[in-house]
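Secondary and tertiary structure notes
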Amino acid sequence: MRIALIGQQAFGKAVLEALLERGEEVIAVYCAPDREGRRPDPLKEAALEKGIELLQPPSYKEPAVWDEYRAMSPDLGVMAFVTLLVPEDFLYIPGRGTIQYHPSLLPLHRGPSSINWPIIQGSSRTGLSIFWPDNGLDTGPVLMQKEVDILENDTLGTVYFDKLFPLGVEAMIESVDLVREGSAPRIVQDESRSTYESWCRKADVEIDWAKPAAEVHNLIRGADPAPGAWTRIGGTTVQLFESRRVEGAGGEPGEIVAAGAGRLVVAAADGHVSVGRARPEGGGKVAADAYAEEAGLAPGVRAGG
């Protein structure tokens, strides 16, 4: 099959490499436009290195872009991490359609931060979907899904890089095989179960220490490493990472109850949360107890004010 890959960043590069490794005919790579002051996209670099035609349209809504794509006679479009809106006018050009990776179990967690939110909401399972995109936002029929566990101390980083990234590359390749064989499913999503969350941004991840320790823990790890859950301590905005639930009682919500052994322990509504790393505004990440010592934070100081 003549495959066009539409994607970006490390995931797009990994899917490209996996396709080429097994001898697939990748006729073109569509990549996000260059951004001034940013390093070249890894997918762009990989495509150039392999001598594959590279295209970087600023929009997929232009008829000229559709005409150029149609002239390539693609059999299948493979979308591997795409942030620009791609309309059906482009998606439906390949003879066998277009498939797309999404890191959630659709129709749950449609939207751009679909890994953060299940962790923040305390879910114990998530997964990925390969689906047939349409003009809706993550609404097309599902081809394949794979589930993963969210363990007690998993973070956005571990769920993505250790689980959904490698599993997603494998699922993309499996899906290409199913399309080639003519046996790829098109399972309509159950709209009665659908959820949507927008970007997980700084405004969404301010820590409320008056909430239960489990909710505080989930918020910190669901925003680790980005956008970084934060609180105010001594007039300074501080992002906190590497959260753990710890046994203990006592202390008012937000009160620092201990610092040492690389960690900082803070009271929530019904228990304690321990963090291993801190990043004060304008600085880099450091061990949480080292930050506390440098900032002169002794037990009894309150966070969140």
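Throughout what follows, the structure given in this document is the object of discussion. (Residues numbered from 1 in each chain as written. Predicted model: local features only at pLDDT ≥ 70, side-chain atom pairs only at ≥ 80, totals over all residues. Heavy atoms only, no water.)

1. With respect to the overall build of the protein
The secondary structure content of the protein amounts to 8 helices and 13 strands. Long-range contacts, defined here as pairs at least 24 residues apart, represent 66% of the contacts in the protein between residues at least 6 apart. Carbon and sulfur atoms make up 49% of the accessible area of the protein, which amounts to about 14000 Å² in all. One way to put it: in the protein the 30 positive side-chain charges average out to a point 1 Å from where the 44 negative ones average out. (Helix = DSSP H or I, 4+ residues; strand = E, 2+ residues; numbered from the N terminus. Contact = heavy atoms within 4.5 Å. Areas by Shrake-Rupley, 256 points an atom, 1.4 Å probe, with all protein chains shown as cover. Lys, Arg positive; Asp, Glu negative; His and termini not counted. Charge placed at Lys NZ, Arg CZ, Asp CG, Glu CD.)

2. A short note on the nonpolar core
Counting residues in each nonpolar core, the largest one holds 41 residues, and the members touching the most others are Val 15, Val 78 and Ile 99. Sorting elements by how many residues they give to this core places helix H6 (residues 156-181) first, with 12 residues. Sequence-distant contacts of Val 15, defined by excluding residues within four places in its chain, comprise Leu 5, Val 78, Ala 80, Val 169 and Met 172. One finds Val 205, Ile 207, Val 266 and Val 275 within the second-largest nonpolar core, a separate group that totals 28 residues. (Core = buried A, V, L, I, M, F, W, Y, C linked by side-chain atoms within 4.5 Å. Buried < 20%, exposed > 50% of the residue type's maximum accessible area, 1.4 Å probe, protein only.)

3. Regarding the sheet that holds strand E7 (residues 142-149)
Spatially, 7 strands are ordered E3-E2-E1-E4-E5-E6-E7 in an open sheet, and the strand pairing comes out mixed. Where the open sheet ends on each side, the last strands, each with one partner, are strand E3 (54-55) and E7. Where strand E2 (residues 25-31) lies against E3, 2 bridges are found, and the strand directions are parallel. Within the sheet, the bridge partner assigned to Tyr 30 lies in E3 and is Leu 55. Against the sheet, helix H2 (residues 42-50) contacts strand E1 (2-7), E2 and E3, and its axis sits at roughly 145° relative to E2. (Pairing = 2+ DSSP bridges. Axes fitted to C-alpha atoms, helices over the stretch in contact; angles between N-to-C directions.)

4. A few points about the side chain of His 217
Along the chain, His 217 turns up in helix H7 (residues 213-222). Exposure remark for His 217: the relative accessible area of 3% places this residue in the buried category.

5. As for the packing of helix H1 (residues 9-21) against H6
The contact between H1 and H6 brings their axes to 10 Å, and the two run at 40°. Relative to H6, the element H1 lies oblique. Here the hand of the crossing between H1 and H6 comes out right-handed. Of H6, the residues touching H1 (which contributes Ala 10, Phe 11, Ala 14, Val 15, Ala 18 and Leu 19) are Tyr 160, Phe 165, Gly 168, Val 169, Met 172, Ile 173 and Val 176. (Parallel < 35°, antiparallel > 145°, perpendicular 65-115°, else oblique. Left-handed = near helix turned anticlockwise from the far one by under 90°.)

6. Brief notes about helix H8 (residues 288-295)
Each α-helix winds once per 3.6 residues, and so residues spaced three or four apart point in a common direction. Among all positions of H8, only Ala 288, Tyr 291 and Ala 292 are buried. Axial view of H8: buried residues confined to an arc of 100°, hence all on one face. Exposed residues pointing more than 90 degrees away from the buried face of H8 are listed as Glu 293 and Glu 294. Check the buried side of H8 and you find it contacts strand E8 (230-233), strand E9 (236-246), strand E10 (256-260), strand E11 (263-267), strand E12 (272-280) and strand E13 (286-287). (Arc of directions from axis to C-beta.)

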